[in-house]
Amino acid sequence: TQPTSGYSPSSLTLAINRRELAQLVNLPEDVPIFDGIFTGRQFRRRALPDPLPYDPERAKRLLDEAGWRDQDGDGIRERAGVKAQFTAIVAAGSVLEKAAVYVQEQLRRVGVRMDVQTLESGVVWERVYNNGEFEAAFHRFFNSNEGYLKFFGERSPVGYRNPKVLELVNATHETADPDIEDGIYAEVMKILREELPLTFLFPSVETFVAHRRIRGLSTPFRADPVWFMEYLWLEDGSQQ
């Protein structure tokens, strides 16, 4: 998640090479990178907006424009006497710890110091969801209505407050029309891409095994044979 210390919302995301990070944690080369939330149908149809690119030079310009500059030559930016420095918590021994070390180096290159504090996973959960005791955190984001309300609701653990986003997420409970739901989330994605309260590093990846006769599966957008049965067929032409 992003720290809330006056940084330009997208500057830290632009500073992170998320494609390289995905390879570092052994994810498939074509794993999708995205900024925002979406429905399962939008994911299957690949109807996702292009993510912010890796652009450290643009990240530096945004930090400069926000008043964060390295005045004393120590490699760390400051503004009004405050260093561009924060601590990120992460569960010890998790894949996110490896990601945190990588992000730490990426941010250092644009003049931002991120210290990494490893904790037991239960402690991280408690501090993120219950106590709000963190500046930044590497944690799983749940791509579901429940997860959206948790992160973007009135008690958002990241301190994000946008009544319009909450109104739109709640509106998805009032319709059973998938086209309307897709339209609502497309609007939410536009807002989140502009304000970017979170940095989405990489998606969670699961492994499935299917018989070679089953056709229609594809990685990564239609890899789960249970969820994507409407797109599948058997090699001999029978329907599944």
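Here, the structure is the one placed above.
Per chain, residues are indexed from 1 in the order of the written sequence. Local features are withheld for residues below a pLDDT of 70 in this predicted model, meaning they are given only at 70 or higher, and side-chain atom pairs are given and counted only at 80 or more; totals for whole chains, interfaces and linings count all residues. With hydrogens and water excluded, all non-hydrogen atoms of the structure serve as input to the side-chain values.

This next bit is on the pairing of strand E4 (residues 113–119). Consecutive side chains along a regular strand alternate between the two faces of the sheet. Strand pairing is assigned whenever DSSP identifies at least 2 bridges connecting the two strands. Only DSSP runs of H or I with at least four residues qualify as helices, and only runs of E with at least two residues qualify as strands; both kinds are numbered from the N terminus onward. With 7 bridges joining them, strand E3 (residues 85–91) and E4 adopt parallel strand pairing. Its bridge partner lying in E4, phenylalanine 86 is registered against methionine 114. The parallel pair E3 and E4 is bridged by helix H5 (residues 95–108), and the resulting crossover is right-handed. For crossovers, right-handed means that the path from the first strand over the helix to the second runs clockwise, given strands pointing away from the viewer.

Here we take up the sheet that holds E4. Strand order in the open sheet made by the 3 strands is E4-E3-E5, with parallel pairing throughout. Looking at strand neighbours, the two that pair on one side only are E4 and strand E5 (136–137), the edges of this open sheet. Contact between two residues is taken to exist if any of their heavy atoms lie within 4.5 Å; hydrogens are not considered. Axes here mean lines fitted to C-alpha atoms, for a helix over just the part in contact, with angles spanning 0 to 180 degrees between N-to-C directions. Packed on one face of the sheet, H5 meets E3 and E4 and runs near 165° to E4. Its contacts with the sheet put helix H6 (residues 121–131) on E3, E4 and E5, and the angle it makes with E3 is roughly 125°.

Turning next to the pattern of salt bridges. Should a side-chain nitrogen of Lys or Arg be within 4 Å of a carboxyl oxygen of Asp or Glu, the pair is scored as a salt bridge. Counted by the stated rule, this structure contains 14 salt bridges. We note a salt bridge from arginine 193 to aspartate 35, for which the minimum N-O separation is 4.0 Å. Remark: aspartate 35 occurs in the loop between helix H2 (18–24) and helix H3 (40–44) and arginine 193 occurs in helix H9 (residues 178–195); sequence separation between them is 158 residues. Of the charged contacts, one joins aspartate 72 and lysine 83 as a salt bridge, the two residues approaching to 2.8 Å between their closest N and O atoms. Linking aspartate 72 in the loop between helix H4 (56–65) and strand E1 (78–79) with lysine 83 in strand E2 (residues 82–83), this pair joins segments that are 11 residues apart in sequence.

The next thing to look at is the environment of tyrosine 102. Within the fold, tyrosine 102 resides in helix H5. Here the alpha-carbon distance between tyrosine 102 and leucine 21, two residues 81 residues apart in the chain, equals 7.3 Å. Each residue touching tyrosine 102, except ones within four places of it in the same chain, is listed here: Ile16, Asn17, Glu20, Leu21 and Leu24.

Multiply 1.5 Å by the residue count of a helix minus one, and that product is the helix's expected span. Between its first and last C-alpha, H5 extends 20 Å over 14 residues, near the 20 Å set by a 1.5 Å rise per residue. For H5, the set of buried residues is Leu96, Ala99, Ala100, Tyr102, Val103, Gln106 and Leu107. Buried residues along H5 sit against helix H1 (11–14), H2, E3 and E4. Whether a residue is buried, partly exposed or exposed follows from its accessible area with a 1.4 Å probe, protein chains only, as a fraction of its type maximum: under 20%, in between, or over 50%, in that order.

So, on to the packing of aromatic side chains. Two rings from Phe, Tyr or Trp (for Trp, the six-membered ring) form a pair when their centres sit within 6.5 Å of each other. Planes less than 30 degrees apart are called stacked, planes more than 60 degrees apart edge-to-face, and all others tilted. Applying the stated rule across the entire model yields 5 aromatic pairs. Taking 6.1 Å as the distance between ring centres and 50° as the angle between the ring planes, the aromatic pair formed by phenylalanine 34 and phenylalanine 200 counts as tilted. One end of the pair, phenylalanine 34, is in the loop between H2 and H3; the other, phenylalanine 200, is in the loop between H9 and strand E6 (214–215), with 166 residues separating them in the sequence. Considering the side-chain rings of phenylalanine 141 and phenylalanine 200, the 5.3 Å spacing of their centres and the 85° angle between planes classify their relative orientation as edge-to-face. Here phenylalanine 141, found in the loop between E5 and helix H7 (145–152), pairs with phenylalanine 200, found in the loop between H9 and E6; they are 59 residues apart in sequence, far enough to count as distant. As far as burial versus exposure is concerned, phenylalanine 141 and phenylalanine 200 are alike and both buried. The rings of Phe34, Phe38, Phe43, Phe141 and Phe200 are connected pair by pair, giving a single aromatic cluster.

Let's shift gears to the packing of helix H8 (residues 163–171) against H9. One can describe the packing of H8 onto H9 by two numbers: an axis separation of 9 Å at closest approach and a directional angle of 160°. By the criterion of interaxial angle, the relationship of H8 to H9 is roughly antiparallel. Between H8 and H9 lies a crossing of left-handed hand. Here H8 contributes Lys164, Val165, Leu168 and Ala171 to the contact with H9, which in turn contributes Ile184, Glu187, Val188, Ile191 and Leu192. In terms of residue class, the contact of H8 with H9 is made up of 7 nonpolar, no polar and 2 charged. Oblique is the label for every angle not falling under 35 degrees (roughly parallel), over 145 degrees (roughly antiparallel), or within 65 to 115 degrees (roughly perpendicular). Note on convention: the crossing is left-handed when the near helix lies turned anticlockwise from the far helix by less than a right angle, right-handed when the turn is clockwise. Each residue gets one label: Ala, Val, Leu, Ile, Met, Phe, Trp, Tyr, Cys and Pro are nonpolar, Asp, Glu, Lys and Arg are charged, and the others, such as Gly, are polar.

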